[in-house]
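# Summary of structural features
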Amino acid sequence: MKSERRISFSLSSLFIIVASVFLLILLWQLRGLIVLLMISVVLAASIVPIVNWAEKKQVPRWLAVVFVYLTLIAGLTGFGLVIGPAVVDQITLLVRQSPIFAEQIIGIATDLASRLGEDTSTFIEQLIDPQSLTNWVIRSSQQLILRSYGITRGILGGVASLILALFISGYMVADSQTLIHSFIQFFPHPWNERLAQQINPISQRMGGYLRGRILVSAILGVATTTGLGFLGLKDFAIGLGAIAAVTNLIPFIGPILGAIPALIVALAKGGFLVVWVLILYGIIQNVETYVLDPLLVGSSVGIHPLYQLLSVLGGVQVLGIMGALIVPPWFAGVAALVENLYLQPKLISEQKEEILPPSESGSSPQFP
């Protein structure tokens, strides 16, 4: 007779399974709040060094937080009032002239094909119908206008979330010691002390990444605007520079996205302008990759560019464009935690085993 195997569950195991399922459902329902907290932590990590410096100068911490945030909000508001109208006007003009650009690009392609041969020209005319493409652009514009209410709600929701994240991050910075103590006390000794020692390295990695990314994007936005204006695209230079600055906040993918509108405008203008614009963006991209990123971002992140790329792609898959912005600094913080709590102790232990003689390491000497 074969013995029957019985699988039994204790009441505690069943409770753990039910509680885990309930926790996963709860986290899924609160995913918006979790993303908001992730943004707040990154913002707090980028601002806390300034607050700590002010506190060392005998300034009360709450007053330093208020001053830093008011300065930040005033600076962004002033910058928006000065540059914002020109950016909005040029981007609006760019959108309105997009059907004209499409017709000009098709005309250039057809003219080039006619020079290559009549068969090639006929093939392009059959492949791309200018009238149909223009009608499609008009219909898409009409649908975009009809959906403007939903888009406006989305923009207002994003702005409201950003303002809320700023307030939450301000509270985190002002009462950081209490929050850290209340978090690490859930862990047993000695892990609570070890985690407390990792707060500053993690904060430096996360905050340094965001500050470096914003600084690099600002520099490239100014360089793009100046270069496009020098090349003769003054009507769109500020708008295209703003697009390049915003998209460049996304590592690896952003510079490509920012170059597409400028290349479309240059191609519609004709001549060798598209070549010069392509060269300009190529130079800017190389300066970013080999000079600015290693100097301003790479030193603070401390992880391989391949891992940064994977974190960007993973963030896009999970959270969309917002994930490409907030997942890399979190990945940098987790990398610092793994490095300090696992990799470095493991390396020290291996080095000690190599230095100690065989008798002290607990193994008997071996003879050939």
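Residues numbered from 1 in each chain as written. Predicted model: local features only at pLDDT ≥ 70, side-chain atom pairs only at ≥ 80, totals over all residues. Heavy atoms only, no water.

### As for the overall build of the chain
Across its full length, the chain carries 15 helices and zero strands. Buried residues in the chain amount to 29% of all 368 residues. Considering only residue pairs separated by 6 or more positions, the chain has 70% of its internal contacts joining residues 24 or more positions apart. Of the accessible surface of the chain, which amounts to about 24800 Å², a share of 70% is contributed by carbon and sulfur atoms. (Helix = DSSP H or I, 4+ residues; strand = E, 2+ residues; numbered from the N terminus. Buried < 20%, exposed > 50% of the residue type's maximum accessible area, 1.4 Å probe, protein only. Contact = heavy atoms within 4.5 Å. Areas by Shrake-Rupley, 256 points an atom, 1.4 Å probe, with all protein chains shown as cover.)

### A short note on the pattern of salt bridges
For the structure shown, the criterion picks out three salt bridges. Measuring nitrogen to oxygen at the nearest pair gives 2.6 Å for the salt bridge that ties glutamate 55 to arginine 61. For arginine 205, the salt bridge identified is with glutamate 339, shortest N-O distance 2.9 Å. Placement of arginine 205 in helix α10 (residues 199-230) and of glutamate 339 in helix α15 (residues 321-355) is noted, with a sequence separation of 134 residues between them. (Salt bridge = Lys/Arg side-chain N within 4 Å of Asp/Glu carboxyl O.)

### A closer look at the side chain of arginine 213
Here arginine 213 lies in helix α10. By relative accessible area, which is 4% here, arginine 213 ends up buried.

### Let's talk about the packing of aromatic side chains
Applying the stated criterion across every chain, the model contains zero aromatic pairs. Over the ring of tryptophan 191 we find arginine 194, and its NZ or CZ is 4.9 Å from the ring centre. (Phe/Tyr/Trp six-rings, centres within 6.5 Å; stacked < 30°, edge-to-face > 60°. Lys NZ or Arg CZ within 6 Å of the ring centre and 35° of its normal.)

### Brief notes about the packing of helix α14 (residues 305-319) against α15
At their nearest, the axes of α14 and α15 sit 7 Å apart, and the two run at 135° to each other. In terms of their interaxial angle, α14 and α15 are classed as oblique. As α14 runs across α15, the sense of the crossing is right-handed. Contacts between α14 and α15 involve Tyr307, Ser311, Val312, Gly315, Val316 and Leu319 from the first element and Ile321, Met322, Gly323, Ala324, Ile326, Val327, Pro328 and Phe331 from the second. Residues of the contact of α14 with α15, tallied by class, amount to eleven nonpolar, three polar and no charged. (Axes fitted to C-alpha atoms, helices over the stretch in contact; angles between N-to-C directions. Parallel < 35°, antiparallel > 145°, perpendicular 65-115°, else oblique. Left-handed = near helix turned anticlockwise from the far one by under 90°. Nonpolar A, V, L, I, M, F, W, Y, C, P; charged D, E, K, R; others polar.)

### A short note on the layout of surface pockets
In this structure, the largest pocket encloses a volume near 2400 Å³. Surrounding the largest pocket, 49 residues form its lining, Leu76, Leu162, Ile214, Val246 and Leu249 being those nearest its centre. Mapped onto the lining of the largest pocket, the elements with two or more residues apiece are α2 (31-56), α3 (61-96), α7 (148-174), α10, α11 (237-247) and α15. For the lining of the largest pocket, the leading source of residues is α10, giving eleven residues. (1 Å grid on protein atoms, 1.4 Å probe; cavity = no way out; pocket = protein on both sides within 12 Å on 5 of 7 lines; lining within 4 Å. Points joined across faces, edges and corners; volume = space filled by probe spheres on them.)

### So, the confidence of the model for the chain
Mean pLDDT over the chain stands at 76; residues scoring 70 or higher make up 78%. For the chain, per-element mean pLDDT is lowest for helix α5 (residues 118-127), which scores 51, and highest for α11, which scores 88. Segment residues 144-156 is flagged for pLDDT under 50; beyond a separation of four residues in sequence, or across chains, it makes one contact in the model. Predicted confidence is poor over residues 361-368, with pLDDT under 50, and the contacts of this stretch with residues over four places away or in other chains come to three contacts. (pLDDT = per-residue confidence, 0-100.)

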